[in-house]
Amino acid sequence: MVEKGTYRVKSGLAEMLKGGVIMDVTTADQAIIAERAGAVAVMSLERVPADIRAQGGVARMADPARVKEILAAVSIPVMAKVRIGHFVEAQVLEALEVDYIDESEVLTPADPQYHIDKWAFTVPFVCGARNLGEACRRIAEGAAMIRTKGEPGTGNVVEAVKHMRLMNKQIRMVLSASTGELMSIAKEMGAPYQVLLAIREKGRLPVVNFAAGGIATPSDAAMMMQLGCDGIFVGSGVFKSGDPEKRARAIVEATTHYKEPKIVASVSEGLGEAMVGISIDEIPPHEMMQVR
Amino acid sequence: MRIGVLAVQGAVREHLNILSQLEIDGRRVKKAEQLSGLSGLILPGGESTAISLLSRGCLLTKVGELASKGFPIFGTCAGMILLADEIEGQEDAYVRAIDIAVARNASGRQVDSFETMLCVKGVADDFPAVFIRAPYITRVGNGVTVLAKHEGAAVMARQGNVLVASFHPELTSDMRIHRYFIGMVKEYEEKEAVL
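As a starting point, this report considers the structure included with it. Residue positions are given per chain, counted from 1 along the sequence in the order it is written. Throughout, the order in which chains and ligands are written sets their labels, letters from A for the former and numbers from 1 for the latter. Local features are withheld for residues below a pLDDT of 70 in this predicted model, meaning they are given only at 70 or higher, and side-chain atom pairs are given and counted only at 80 or more; totals for whole chains, interfaces and linings count all residues. Values reported for side chains reflect all heavy atoms of the structure, with hydrogen atoms and water molecules removed beforehand.

Concerning empty space enclosed by the protein
Let me state the cut-off plainly: Site definitions follow a grid-based scheme: protein atoms alone, a 1 Å grid, a 1.4 Å probe that fits but cannot get out for cavities, and for pockets an open set with protein on both sides within 12 Å along at least five of seven lines, plus lining residues having an atom within 4 Å of a point. Grid points are joined across faces, edges and corners, and a volume is the space filled by probe spheres set on the points. Note on conventions: DSSP H or I runs of at least 4 residues are helices, E runs of at least 2 residues are strands, and numbering of each starts at the N terminus. Three residue categories are used. Nonpolar comprises Ala, Val, Leu, Ile, Met, Phe, Trp, Tyr, Cys and Pro, charged comprises Asp, Glu, Lys and Arg, and polar comprises the others, including Gly.
Here the structure, examined in full by the defined rule, presents 2 cavities of 30 Å³ or more. Its boundaries defined by the atoms lining it, the largest cavity holds a volume of some 190 Å³. Asp24(A), Pro49(A), Pro152(A), Gly213(A) and Gly235(A) are the residues nearest the centre of the largest cavity, which is lined by 23 residues in total. Among the secondary structure elements, those contributing two or more residues to the lining of the largest cavity are β7 (145-148), β9 (232-234) and α11 (236-239) of chain A. Counted by class, the lining of the largest cavity contains 8 nonpolar, 9 polar and 6 charged residues. For the second largest cavity, the calculated volume is near 170 Å³. Around the second largest cavity sit 18 residues that line it, and Gly46(B), Glu47(B), Ile81(B), Asn105(B) and Arg133(B) are the ones nearest its centre. Of all the secondary structure elements, the ones that give two or more residues to the lining of the second largest cavity are α1 (7-16) of chain A together with α2 (48-54) and α4 (78-83) of chain B. In the lining of the second largest cavity, the residues fall into 9 nonpolar, 6 polar and 3 charged.

Examining unusual backbone geometry
Residue and element names in this part refer to chain B. For Arg133, which is not glycine, the phi dihedral falls at a positive 40 degrees. Here Arg133 shows up in the loop between β8 (124-131) and β9 (136-140). The phi torsion at Glu151 lies on the positive side, around 45 degrees, for a residue other than glycine. Residue position: Glu151 is located in the loop between β10 (145-150) and β11 (153-159).

Details of the layout of surface pockets
As a volume, the largest pocket reaches approximately 710 Å³. Along the wall of the largest pocket there are 30 residues; nearest its centre are Met225(A), Cys229(A), Asp230(A), Tyr258(A) and Arg28(B). Of all the secondary-structure elements, those providing two or more residues to the lining of the largest pocket are α7 (158-176) and α12 (244-256) of chain A together with α1 (12-21) of chain B. No other element matches α7(A), which puts 3 residues into the lining of the largest pocket. Counted by class, the lining of the largest pocket contains 11 nonpolar, 11 polar and 8 charged residues. Volume-wise, the second largest pocket comes out at about 520 Å³. In terms of lining residues, the second largest pocket is bounded by 18 residues, among which Lys202(A), Arg204(A), Glu14(B), Glu170(B) and Leu171(B) are the most central. Of all the elements in the fold, those that place two or more residues in the lining of the second largest pocket are α1 of chain A together with α1 of chain B.

Details of the side chain of Arg133(B)
To keep it simple, the criterion reads: Each residue gets one of three labels from its accessible area relative to the maximum for its type: buried under 20%, exposed over 50%, partly exposed in between, using a 1.4 Å probe on protein chains only. Under this definition, polar contacts are N or O atom pairs within 3.5 Å; protein pairs additionally need one hydrogen-donor-capable and one acceptor-capable atom, and for neighbouring residues in sequence, both atoms have to be side-chain atoms. Throughout, a contact is declared for two residues whenever any of their heavy atoms are within 4.5 Å.
Using a relative accessible area of 5% as the deciding quantity, one classes Arg133(B) as buried. Only 3.0 Å separates the side chain of Arg133(B) from the side chain of Asp99(A), close enough to count as a polar contact. Setting aside chain neighbours within four positions, we find Arg133(B) in contact with Leu13(A), Ser75(A), Ile76(A), Pro77(A), Asp99(A), Asn105(B), Ser107(B), Gly108(B), Arg109(B), Gln110(B) and Ser113(B).

Examining the interface of chain A and chain B
Short version of the rule: We define a salt bridge as a side-chain nitrogen of Lys or Arg found within 4 Å of a carboxyl oxygen belonging to Asp or Glu. When DSSP finds at least two bridges between two strands, those strands are taken to pair.
With 46 residues of chain A in contact, the opposing surface of chain B contributes 37 residues. Our count for the contact surface shared by chain A and chain B stands at 8 salt bridges. Arg8(A) serves as the salt-bridge partner of Glu115(B), at 2.8 Å between the closest nitrogen and oxygen. Where chain A packs against chain B, one counts 21 residue pairs in polar contact (both at pLDDT 80 or more). Residue assignment for the side of chain A that touches chain B shows that the elements contributing at least two residues are β1 (3-4), α1, α2 (28-37), α12 and α13 (261-268) of chain A. Considering every element that reaches the side of chain A that touches chain B, the biggest residue donor is α1(A), with 7 residues. Looking at the side of chain A that touches chain B residue by residue, the class counts come to 20 nonpolar, 10 polar and 16 charged. One ladder, built from 2 bridges, connects β1(A) with strand β7 (residues 114-120) of chain B; its direction is antiparallel. Paired with Lys4(A) across the two strands is Phe114(B), which belongs to β7(B).

Focus on the nonpolar core
We apply this condition: The definition of a nonpolar core used throughout is a set of buried Ala, Val, Leu, Ile, Met, Phe, Trp, Tyr and Cys residues joined through side-chain atoms within 4.5 Å.
Ranked by internal contacts, the top residues of the largest apolar core, which has 114 residues, are Ile22(A), Met145(A), Met224(A) and Ile232(A). Those residues in contact with Ile22(A), other than ones at most four positions away along the chain, are Leu17(A), Val40(A), Ala41(A), Val42(A), Met43(A), Met79(A), Met145(A), Phe210(A), Ile232(A), Phe233(A) and Val234(A). Ranked by size, the runner-up nonpolar core spans 35 residues in total, among them Leu19(B), Phe131(B), Ala153(B) and Met184(B).

Things to note about α2(A)
An α-helical segment advances 3.6 residues per turn. Residues three or four places apart therefore align on the same side. Among the residues of α2(A), those classed as buried are Ala28(A), Gln30(A), Ala31(A), Ala34(A), Glu35(A) and Ala37(A). Where α2(A) is buried, its residues meet β2 (21-25), β3 (41-44), α4 (64-73), α11 and α12 of chain A together with α2 of chain B.

Things to note about the pattern of salt bridges
Applying the stated criterion across every chain, the model contains 30 salt bridges over all chains. Each of the salt bridges in this network shares a partner with another, and the network as a whole consists of Glu15(A), Lys18(A), Asp230(A), Arg13(B) and Glu14(B).

Brief notes about the packing of helix α8 (residues 179-189) of chain A against helix α9 (residues 193-202) of chain A
All names here are of chain A. Selection rule: In this analysis an axis means a line fitted to C-alpha atoms, helices contributing only their contacting stretch, and an angle means the value between N-to-C directions, from 0 to 180 degrees. Working definition: roughly parallel below 35 degrees, roughly antiparallel above 145 degrees, roughly perpendicular at 65 to 115 degrees, and oblique for all remaining angles. Two helices crossing with the near one rotated counterclockwise from the far one by less than a right angle form a left-handed crossing, whereas a clockwise rotation gives a right-handed crossing.
Across the interface, α8 lies against α9 with an axial gap of 9 Å and an inter-helix angle of 130 degrees. Here α8 is positioned oblique relative to α9, judged by the angle of their axes. At the point where α8 passes α9, the crossing takes the right-handed sense. Contacts from Thr179, Leu182, Met183, Ile185 and Ala186 of α8 reach α9 at Tyr193, Leu196, Leu197 and Arg200. Considered class by class, the residues forming the contact of α8 with α9 number 7 nonpolar, 1 polar and 1 charged.

Spelled out as structure tokens, the structure:
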């Protein structure tokens, strides 16, 4: 008997991506650059977060024709973004046979209240989170991979750092709590009790947790890895920089050798201009993507 | 007994967990010099293109040299691609330690990834096998034994000291295939001790 779409198969693909970099791409050419630089997967979307931020308007799933071109261009896994709650965009991407769906705050939410019921799909989902409660709710909805939200399209790593540190701290709290305290923690965090039990059993989040949102340099990537994430998503950081090929490779190398400052230093030399960053205080509250 | 796990990228932690449950000293290998003092090596699942690009300082060349001297090596999924003599649709191969050809992503895209029970010759007739965008073996040379098949396709094979599988025993709690590999490592250690 053959069983497809089991949770082990879904979370298993994310396990295979550990220690790697997943890059946002909008075209097949960019996907090929990412693959040659050593990316473990690419993320297909209509516009990179920095452009969405600058241009405004409703940001949606990518054009299926573009997604198909990307699927045909590379042998690494292809992920694609859907709007929060937009289960039909997800059905479309599943029909196109993308390898992972990112239910993402980078796009304009389609449902102000509910996320997608991810158990209803064969294709696995990754979702963003700012804290452990949010991560656990997404896992309970069927997400097979988690990433920090950070603040996308800013080239500013501060929010990703904040989210990763908070999640680590909350996981330590769950691990050190007595069983009797656990339900109260579940209530305070807004975290489903069963997922907290799974964390205690594994000693960590039951699925892979990547860093995302504002990573722009090799040092940013290595810092997130040292903070304990399993891998890196780079959104606008690569293709909004002066030399995408070189920067992509450098971020990949820094992620692999994150504990070796000499390697991080050497790959960081002469990368050209990084994307222009935005200070978080300059963003009006209604334009913050992470609160979606 | 010390067994290394190639730790460039991928499911490194899972292999190390199983080794530690079997009371084997598992070591992460990121650089060629970390290969010394080991009695065996595991190449984990991951993305083979990324692992090959990121293996610095002729790490994979050193792995190939060890393989040709009888050093036991086990590759799962991407690890199998790295060890194969031939990769379909690609001019170059990587380590070339086992006389097989493999086809990348032969089981299809992620929506076709699956679990099934496999009969593995000499190991188990009910091994829970997890296939993720899995490569299949499309040709086996003389001297290669096919240990498991799924729907007619070869998915696990051995040639002397080199063992490969299309699937991921590291994603299950079943340690029988790892025990089988440890048996290969023991034989190698005994032979080395005699020499």
